[in-house]
Amino acid sequence: MWSYQHMFRLSVELEAKSALEAVGFFGNPKVLLVGIQVAGQHEFEICIEPEDGPYAPIDFRHVKTRGWDLYEAHPDRHVIHSVARMHEQHQQQLQNAMRSKALKEAFEGLPGEAHRVFFVRGGVRLGDYEVRTVLSVDRDELARVPQIETEVRDRVHVHKSLVHAIIDEVLRLSTKALYLPDPGQSLRVLDAHADQVIRSATEAMVGTAAYCAGSFHGSDSHLLINNLAALPYEGRWGAGKIVIAQSEHPAIHQSINLIESVKFRNTLAARKLLEACGPDLSLLTDGEKIYGLGSTTSAYDPSSESIFTIDFHQRGAWELSHAGQPLLTVRDGIPHLPSRVFNEDYFKDLIERLLSNADQSALIEAAMAVANHQHGAMLVVSEDAAAEAARLSPQSWAIEPTHLSPDVLSQLTNMDGAVLVDPQGRCHAIGVILDGIACGREDPARGSRFNNAIRYLEKERPPAIVVVYSSDGGIDILPKLMPRIRRQLVHERVSHFLSVAEADPLDIKSASQAYNKIKEVSFYLSDKQCDAVNKAHARLDKWRRANTSVWIIENDLKPHPDMDESYWL
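The rules behind each value
Residues numbered from 1 in each chain as written. Predicted model: local features only at pLDDT ≥ 70, side-chain atom pairs only at ≥ 80, totals over all residues. Heavy atoms only, no water. Phe/Tyr/Trp six-rings, centres within 6.5 Å; stacked < 30°, edge-to-face > 60°. Helix = DSSP H or I, 4+ residues; strand = E, 2+ residues; numbered from the N terminus. Buried < 20%, exposed > 50% of the residue type's maximum accessible area, 1.4 Å probe, protein only. Pairing = 2+ DSSP bridges. Axes fitted to C-alpha atoms, helices over the stretch in contact; angles between N-to-C directions. Core = buried A, V, L, I, M, F, W, Y, C linked by side-chain atoms within 4.5 Å. Contact = heavy atoms within 4.5 Å. Parallel < 35°, antiparallel > 145°, perpendicular 65-115°, else oblique. Left-handed = near helix turned anticlockwise from the far one by under 90°. Nonpolar A, V, L, I, M, F, W, Y, C, P; charged D, E, K, R; others polar. Salt bridge = Lys/Arg side-chain N within 4 Å of Asp/Glu carboxyl O.

> Even after reading the chapter, I still don't get the packing of aromatic side chains, so can you show me in this structure?
Applying the stated criterion across every chain yields a total of eleven aromatic pairs. Residues Tyr55 and Phe107 carry aromatic rings whose centres are separated by 5.1 Å and whose planes lie at 85 degrees to one another, so their mutual orientation is edge-to-face. Taken as a pair, Tyr55 in the loop between β2 (46-49) and α2 (63-73) and Phe107 in helix α3 (residues 84-108) lie far apart in primary sequence, 52 residues in all. Judged on exposure class, the residue Tyr55 and its partner Phe107 are both buried. Between the aromatic rings of Phe60 and Phe107, the centroid separation amounts to 4.5 Å while the plane-to-plane angle is 50 degrees, which identifies the pairing as tilted.

> Quick question: what am I supposed to make of the sheet that holds strand β14 (residues 334-336) here?
In a beta sheet, neighbouring strands pair by backbone hydrogen bonds and run either parallel or antiparallel. One open sheet accounts for eight strands, arranged β8-β10-β9-β7-β11-β12-β13-β14; its pairing is mixed. In the strand order of this sheet, the two ends are held by β8 (252-263) and β14, each with one partner. With strand direction ignored, the average angle separating the axes of adjacent strands in the sheet is 25 degrees. Sheet topology note: the strand β7 (residues 240-244)/strand β11 (residues 308-314) ladder contains five bridges and is antiparallel. The residue bridging Ile242 from the neighbouring strand is Ile310, located in β11.

> Help me understand unusual backbone geometry, please; the structure alone is not making it clear to me.
The bulk of non-glycine residues show a negative phi, and the bulk of peptide bonds are trans. Omega for the bond connecting Glu49 with Pro50 falls within 30 degrees of zero, at 15 degrees, which places this linkage in the cis form. Along the chain, Pro50 turns up in the loop between β2 and α2. With an omega of 5 degrees, the peptide bond between Leu478 and Pro479 qualifies as cis. Its identity as a non-glycine residue notwithstanding, Asp191 has a phi of 55 degrees, on the positive side. Inspection of the secondary structure puts Asp191 in the loop between α5 (162-178) and α6 (194-212). Its relative accessible area of 67% is what places Asp191 among the exposed residues. Residues other than glycine seldom take positive phi values, yet Glu305 does so here, at roughly 45 degrees. With respect to the secondary-structure elements, Glu305 resides in the loop between β10 (289-296) and β11. Residue classification places Glu305 among the buried residues on the basis of a relative accessible area of 5%.

> Explain the nonpolar core here, please?
One recurring pattern in soluble globular proteins is that nonpolar side chains are buried together. Membership of the largest hydrophobic core comes to 68 residues, with the highest contact counts inside it found for Ile166, Phe312 and Trp318. Looking at which element gives the most residues to this core, the answer is α5, with ten residues. Among the nonpolar cores identified, the runner-up in size contains 26 residues, and Leu350, Ile351, Val421 and Tyr469 belong to it.

> I tried to follow the sheet that holds strand β16 (residues 397-402) on my own but got confused; where do I start?
An order of β16-β18-β17-β15-β19-β20 is seen for the six strands of this open sheet, with the pairing classed as mixed. With one partner strand each, in any of the chains shown, β16 and β20 (475-478) form the two edges of the open sheet. Sheet twist, expressed as the mean angle between neighbouring strand axes with direction ignored, is 15 degrees. In the sheet, β16 pairs with strand β18 (residues 427-432) via three bridges, with the strands oriented antiparallel. The residue bridging Ala398 from the neighbouring strand is Ala429, located in β18. Across the sheet, helix α13 (residues 448-458) touches β15 (377-382), β19 (464-469) and β20, and the angle it forms with β19 is around 175 degrees.

> How do you make sense of the packing of helix α15 (residues 508-520) against helix α16 (residues 527-547) when you look at a structure like this?
Any two packed helices are characterised by the angle at which their axes cross and by the distance between the axes. Packing of α15 against α16 leaves a shortest axis separation of 11 Å and a crossing angle of 140 degrees. Judged on the interaxial angle alone, α16 and α15 are oblique. Remark: the crossing between α15 and α16 carries left-handed chirality. From α15, Ile508, Ala511, Ser512, Tyr515 and Ile518 reach across to α16, where they touch Val533, His537, Leu540, Trp543 and Arg544. Here the contact of α15 with α16 is composed, by residue class, of seven nonpolar, two polar and one charged.

> Honestly, the pattern of salt bridges in this entry has me stumped. Any pointers?
In total, this model carries 27 salt bridges according to the counting rule given. Here Glu388 ties to Arg391 by a salt bridge, and the two come within 2.9 Å at their closest N and O atoms. Pair noted here: Glu388 and Arg391 are both in helix α11 (residues 385-391), with a separation of three residues, about one helical turn. The exposure class of Glu388 is buried, given its relative accessible area of 4%. With relative accessibility at 37%, the residue Arg391 sits in the partly exposed group. Arg426 serves as the salt-bridge partner of Asp422, at 2.8 Å between the closest nitrogen and oxygen. With a relative accessible area of 34%, Arg426 lands in the partly exposed category. Here the salt bridges share partners, and the residues they tie into one network are Asp349, Glu352, Arg353 and Arg484.

Honestly, that's just the spatial picture; any functional story needs more than this.
Listed below in structure tokens is the structure:
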């Protein structure tokens, strides 16, 4: 379609990955470019970047027709603007949007793509093609992201989560870049660093909350909230809650009604009013002005998604929530996804893999109880808790093994050190200080609890699980292991790749697609499988060097040192 399309796509993909991972989302983002011929005579009516698969033009042959059908059936097609230019622009934008929707449908309808979610935006004329950027992420990972259900309200698109907002911002900037001469010639296509993308997305997400709550004035709100979180009052840092809702909302109880409202932009006034907040009293705003103090009643229907809250926890820290579910967290101006979600499925999986005769219910109850900490906490579940309690007794208090109530466990987290329990949930020691030596797996960006747990688990000792609750709300369940999969799945993928890579003539699309499937399970490959795959992949590399002007140099696959029989289902 144009000379720099390959570099354009790679740049957008790398920048999207950088922004998403910076907020804590690891959903394997992939970027594609799809061009629909709108003029001239060309061999392909549909062009796709990358050209060597896994998608082919024939997969999208009905997109133009489907897009037109969606446009014809859309109710907004009959909206009439009195200004001719505006009317024409509205119709063009609607047609563009419906072609994007048709392309999204086409991708998600392809065999084997049910595990991905596709986002499409663009429709920029480049030469004889109308080009769109397509970004996809892992469906299961996206489903784990805290989000609302609303996508459109009063014909206005809103963001379901911080991740959705970042993806939309990446696609917006990508579309903007397509209007520039020779897009992709510069290595930084989006012309924005990851923190700029995230900041814009956070602004959009806060705007979404304000809009869903009935306000049209959400612009710059997150900057105002950052200032409010950082502003001390008589030497004290702010703590309290702001409720975003309309004053006439039936689920809002106003304890104090301000006769003259205060502009939300008046940071000093808002900070002073925040001092009046407490467990039963929140600052009430419609997103533009503060109209009183009060609370949300039990009459609120969460499915309406019309009341949002902003909680201030400590200096420079705030959290946007809906119905008790945090949507995004900001600390010192840096947004990220809430990390206070306890991954119960992974915890259960570790119990099954590492502990024998364990009482899952009792261990989950203990983990939830320890989660009610004030300043961070740790739960250690050891296969031989009795021996570990005795060994660690100089730096802990061993107790008579007993089942403790959730309230008692929560109270015990007020002291430093971990709570040590056995696989049946009986507590053997409290105030436990874990031992261990440097192992190279530590993270200097993390605190002592996390790194002590990493060092402890690296030593030769009875199998154990450590749940680390950080003071900032983060939760880590250690060890972090790759999921268990079927041995047959790996064997089938290797066999399929070898067969298509060694076929004559070579089908580069099928071979590339099969190799991508191999990389997804590379952790599980044996030395013999790695050797066979690397030799077959050399043929693909040789073909690309002979037939294309651009190719990606990839390292040979190697067996992972941590892989053992425990990873097979």
